[in-house]
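Read off the chains here:
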Amino acid sequence: MYRTHTCGELKQSDINKEVTLSGWVQKIRNLGAMTFIDIRDRYGITQLFFDKETNPKLTKRTEELGREFVIRVEGKVTERSSKNTDMPTGDIEITVTEFKILSKSEIPPFTIEDNTDGGEEIRLKYRYLDLRRNTVQKGIILRHRMAQEVRKYLNEQDFLEIETPFLIKSTPEGARDFVVPSRMSEGKFYALPQSPQVFKQLLMISGYDKYFQLIKCFRDEDFRADRQPEFTQLDCEMSFVEREDILTLFEGLAKHLFSVIKGKSFTEQFPRITYDDALNIYGSDRPDIRFEIKITDLSEIVKGNGFNVFDNAEFTGGICAEGLSGYSRKQTDELIKWVQRPQIGAKGLVFAKYNEDGTFKSSVDKFYSQEALKKWADAMNAKPGDLMLLMSGNKKQILIALGELRLEMGNRLDLRNDNEFAPLWIVDFPLFEKDEETGQMHAVHHPFTSPKKDHINSLDSDPENIKAEAYDLVINGNEIGGGSIRIHETELQKKMFRILGFTDEEAKAQFGFLMDAFKYGAPPHGGIAFGFDRWVALFNGSDSIRDVIAFPKNNAGRDIMIDAPASVDDQQLKDLNLKIIKKG
Ligand code: ASP
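Before going into details, it helps to say that this report is about the structure given with it. Because the structure is predicted, anything quoted here is derived from the model rather than measured. (Residues numbered from 1 in each chain as written. Predicted model: local features only at pLDDT ≥ 70, side-chain atom pairs only at ≥ 80, totals over all residues. Heavy atoms only, no water.)

Packing of helix H7 (residues 275-282) against helix H11 (residues 395-412) leaves a shortest axis separation of 7 Å and a crossing angle of 65°. Contact residues: H7 offers Tyr275, Leu279, Asn280 and Tyr282, while H11 offers Lys395, Lys396, Leu399, Ile400, Gly403 and Arg406. Of the residues belonging to the contact of H7 with H11, the class tally is 5 nonpolar, 2 polar and 3 charged. (Axes fitted to C-alpha atoms, helices over the stretch in contact; angles between N-to-C directions. Helix = DSSP H or I, 4+ residues; strand = E, 2+ residues; numbered from the N terminus. Contact = heavy atoms within 4.5 Å. Nonpolar A, V, L, I, M, F, W, Y, C, P; charged D, E, K, R; others polar.)

What follows is the structure, given as structure tokens:
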């Protein structure tokens, strides 16, 4: 027998028991007269005690051991003379009577400790070792627990977990597809699903009115920070529902997870904000509302003082940073540089300090009197001691830049606490977004999203201002999920494709099967998909989703452990009728 107990469970009440444990050697302390070894498995760490005086041979043999050796030990649970209250097994140790090396280990390339000395690349290369670390394991276990709770909740709500295929044809999420060459159909390719969108809609037509799946999705996007080419969605769809039904049911899921996983109970309904309000107030469609700072439209108030920048701007907006009127010249200069970085892209930043004594000091004192600055302060609800920050230019761009600045000031003021959660729904997204260069309309969500009922009539006349029956769940500035009520009428769907620039033939070629299915009785339906990795990362307090994926890719989309992507041999290419043409 390899073990009678795990390395995480023995306690005071087990004293005097004869036990067998198996695990990895975490640490060896040879103190001469005695040797202590920590043995580890995924349940915890137990201290082993070897006494040279009573058992010199055995103690001598411990010199053969090294870090990460796998051993099996037999011994008696004894009380520790110096207890470690930080460890669940800290009251006891095992006085070892026999041990066996089950497997030796080379010295690992980094320490298997919470605070390891290994950088991210080396840890990804040896991910199987990284996964031994407590901090990484914590994320993987959390992921498991969340998946179980999701299944439990949805099962109780009568949802069916139904699998959909991976080898399919292009799906409509708007990213680039990963493709897989087919050997049997020469010159043809499968596409990997960017989401199971069309299949879940087909399942609704088939009558499976509540569907979910924890499913891998594949999107061949340029690698932006913290994206993975394959990621997991909690994908859901329901029939005979309106927006309200979906928001209620999945708010219930979110509340369930908050409660069982984070011990937080949300009794009130999550706030709901329209997309337009989110942009105008927070400069973002995924606002972090853990903190109050809001954007104020100052466009009119700042005009007419001879300051051209503001006089000629489409929009001037500002935010107020509480208590920062003491910012030095160096700090304000640095903030100006911060907004001018390409990621933010603002031309500049005007600031006005509302001094503690009630006077103002601004970067545009030449143009604005104390009275004029007081008006800004009143509009922004600023108090003495605050710092007002203003930007102007194209409305949408400036709102977004102010949104970023808002987050930065939130960080600087320590207003974004990891243990606090502020969920909300963003509703009424625009249905389309116009490509400024070509004038072509694109679906903000995807082409199956229904316009709001009372907007359907202006589809042709005013597409840009049409709102969609689409919603996102946002938590702490992260888009955790998004979905929509779908179009279920063939004619409306055809019209959508036309507005999106598909010819009838193209629409038929790509989504003909779905359009055909609509002809056979499609129930009204809608759904949502959650970024499961992101949700777990958020609950785990991780910045990166890599922390909660067992075998993630690096930032360039490579799996540096198994070395993928990799070349295939000539025979494989031949079988597939493919030829590699080198660029250049
Ligand atoms: N398929 C959509 C997505 O992946 C989600 C949905 O509409 O349910 O974003």
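Alright, that's what it looks like, and here's the rest.
Around the ligand, 14 residues are found, and the nearest of them are Gln197, Lys200, Gln233, His445 and Arg486. Side-chain polar atom of glutamine 197 to a nitrogen atom of the ligand: 2.6 Å apart, as the coordinates give it. Expressed as a share of its isolated accessible area of 270 Å², the protein-covered part of the ligand is 91%. Put simply, the parts of the chain that give the shell around the ligand at least two residues each are helix H5 (197-205), strand S21 (478-485) and strand S22 (525-531). Residues belonging to the shell around the ligand are distributed by class as follows: 2 nonpolar, 8 polar and 4 charged. (Near = heavy atom within 4 Å. Polar contact = N/O pair within 3.5 Å; in protein donor to acceptor, adjacent residues only side chain to side chain. Areas by Shrake-Rupley, 256 points an atom, 1.4 Å probe, with all protein chains shown as cover.)

Taking 1.5 Å of rise per residue, the 18 residues of H11 would be expected to cover 26 Å, and the 25 Å separating its terminal C-alpha atoms lies within 8% of that figure. Residues of H11 that are buried include every one of Ile398, Leu399, Ala401, Leu402, Gly403, Leu405, Arg406, Glu408, Met409 and Gly410, and no others. Those residues of H11 hidden inside the fold are in contact with H7, strand S13 (315-321), helix H9 (329-340) and strand S16 (387-393). Backbone geometry just after H11 places aspartate 414 at a positive phi near 60°. (Expected span 1.5 Å × (residues − 1). Buried < 20%, exposed > 50% of the residue type's maximum accessible area, 1.4 Å probe, protein only.)

Okay, helix H10 (residues 370-380) next. Those residues of H10 that fall on the buried side of the exposure criterion are Ala372, Leu373, Trp376, Ala377 and Met380. Here the buried residues of H10 occupy an arc of 150° about the axis, which is enough to place them on one side. Looking at H10, the residues exposed on the side facing more than 90 degrees away from the buried face are Glu371 and Lys375. Where the residues of H10 are buried, they touch strand S12 (296-297), helix H8 (308-311), S13, strand S14 (350-354), strand S15 (360-362) and S16. Downstream of H10 by a residue or two, asparagine 381 has a phi angle that is positive, lying close to 55°. (Arc of directions from axis to C-beta.)

Let us look at the sheet that holds S13. Sheet architecture is open: 5 strands sit in the order S12-S13-S16-S14-S15, paired in antiparallel fashion. At either margin of the open sheet sits one strand with a lone partner, and together these are S12 and S15. As defined by bridge partners, S12 adjoins S13 across 2 bridges and the pair is classed as antiparallel. Within S13, the residue paired with aspartate 297 across the bridge is glycine 317. (Pairing = 2+ DSSP bridges.)

Within the element layout of this structure, tyrosine 275 appears in helix H7. Those residues within four positions of tyrosine 275 in sequence are excluded, and the remaining contacts are Asp285, Lys396, Ile426, Val427, Asp428, Phe429 and Pro430.

Okay, the side chain of arginine 486 next. Inspection of the secondary structure puts arginine 486 in the loop between S21 and helix H12 (490-499). Overall, the relative accessible area of 2% leaves arginine 486 in the buried class. Within the structure, arginine 486 has its side chain in polar contact with the side chain of glutamate 237 (distance 2.7 Å). Looking at arginine 486, its side chain comes within polar contact range of the side chain of serine 484, at 2.7 Å.

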